[in-house]
Amino acid sequence: MRKLIIAGLAAASVIGGAGAALGQPVVVERWGHWDPTWGADPGPPPARIARRWHHHENHWYEHVHHCMVREHYDVHRDSYMVGHRWVSCRD
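Residues numbered from 1 in each chain as written. Predicted model: local features only at pLDDT ≥ 70, side-chain atom pairs only at ≥ 80, totals over all residues. Heavy atoms only, no water.

J.: Go over the sheet that holds strand β3 (residues 85-88) with me, naming the residues and quoting the values.
T.: Ordered by their spatial adjacency, three strands build an open sheet running β1-β2-β3, and the pairing between neighbours is antiparallel. Bordering the open sheet on either side are β1 (73-74) and β3, each of which pairs with just one other strand. (Pairing = 2+ DSSP bridges. Helix = DSSP H or I, 4+ residues; strand = E, 2+ residues; numbered from the N terminus.)

In structure tokens, the structure reads:
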């Protein structure tokens with residue numbers, strides 16, 4: 001009887017573990033992780049800027065967050081205003 005109970009518990013744990021693993025959503029964050037406390041999600045970079053981020057896509061949101069601390073940052077230009085001119089944001 002004991003062997004039957006142990007075998008049943010072992011089978012239940014294997015089935016339960018597989019079900020939990022298959023039920024977990026897989027989140028692929030192509031542009032990195034955007035923390036909602038930073039503000040509204042800026043979305044992916046514009047096409048002309050995305051070329052520059054081709055091999056570093058997963059760092060885009062981190063870059064935007066670092067640049068947002070500067071005044072007058074524009075995510076669409078990936079630049080911020082200094083005086084009367086736009087300066088490219090390089091973090």
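J.: Residues and numbers for the nonpolar core, please.
T.: Trp60, Tyr61, Val64, Tyr73, Val75, Tyr80 and Cys89 are the most contacted members of the largest nonpolar core, which has 13 residues in total. Each residue touching tyrosine 73, except ones within four places of it in the same chain, is listed here: Trp60, His63, Val64, Cys67, Met68, Asp78, Ser79, Tyr80 and Cys89. (Core = buried A, V, L, I, M, F, W, Y, C linked by side-chain atoms within 4.5 Å. Buried < 20%, exposed > 50% of the residue type's maximum accessible area, 1.4 Å probe, protein only. Contact = heavy atoms within 4.5 Å.)

J.: Please provide a residue-by-residue account of the pattern of salt bridges, values included.
T.: Enumeration according to the criterion identifies three salt bridges in this entry. For glutamate 57, the salt bridge is made with arginine 30, and the minimal N-O distance between the two is 3.8 Å. Within this pair, whereas glutamate 57 is found in the loop between α2 (47-50) and α3 (60-68), its partner arginine 30 is found in the loop between α1 (2-23) and α2, the two being separated by 27 residues in sequence. Accessibility expressed as a relative area gives 18% for glutamate 57, which makes it buried. The class for arginine 30 is exposed, based on a relative accessible area of 52%. With a shortest N-O distance of 2.5 Å, arginine 52 and aspartate 78 are connected by a salt bridge. With arginine 52 in the loop between α2 and α3 and aspartate 78 in the loop between β1 and β2 (79-82), this residue pair connects regions lying 26 residues apart in the sequence. Taking relative accessible area as the criterion, arginine 52 reaches 37% and is therefore assigned partly exposed. According to the relative accessible area criterion, aspartate 78 is buried, its value standing at 0%. (Salt bridge = Lys/Arg side-chain N within 4 Å of Asp/Glu carboxyl O.)

J.: Please set out the state of the cysteines residue by residue, giving values where relevant.
T.: Tallying each qualifying case throughout the model produces one disulfide. Covalent S-S linkage joins cysteine 67 and cysteine 89, the inter-sulfur distance amounting to 1.8 Å. The S-S bond linking cysteine 67 to cysteine 89 shows a torsion near -95 degrees; that makes this disulfide left-handed. With cysteine 67 in helix α3 and cysteine 89 in the segment after β3, this pair connects stretches of sequence that are 22 residues apart. What makes cysteine 67 buried here is its relative accessible area of 0%. (Disulfide = S-S within 2.5 Å.)

J.: Could you give an account of the side chain of serine 79, with specific residues and numbers?
T.: Summarising the element assignment, serine 79 is placed in strand β2. There is a polar contact of 3.1 Å between the side chain of serine 79 and the backbone oxygen of arginine 77. Excluding residues that lie within four positions of it along the chain, serine 79 makes contacts with His72, Tyr73, Asp74, Trp86, Val87, Ser88 and Cys89. (Polar contact = N/O pair within 3.5 Å; in protein donor to acceptor, adjacent residues only side chain to side chain.)

Any link to function would need more than the numbers given here.
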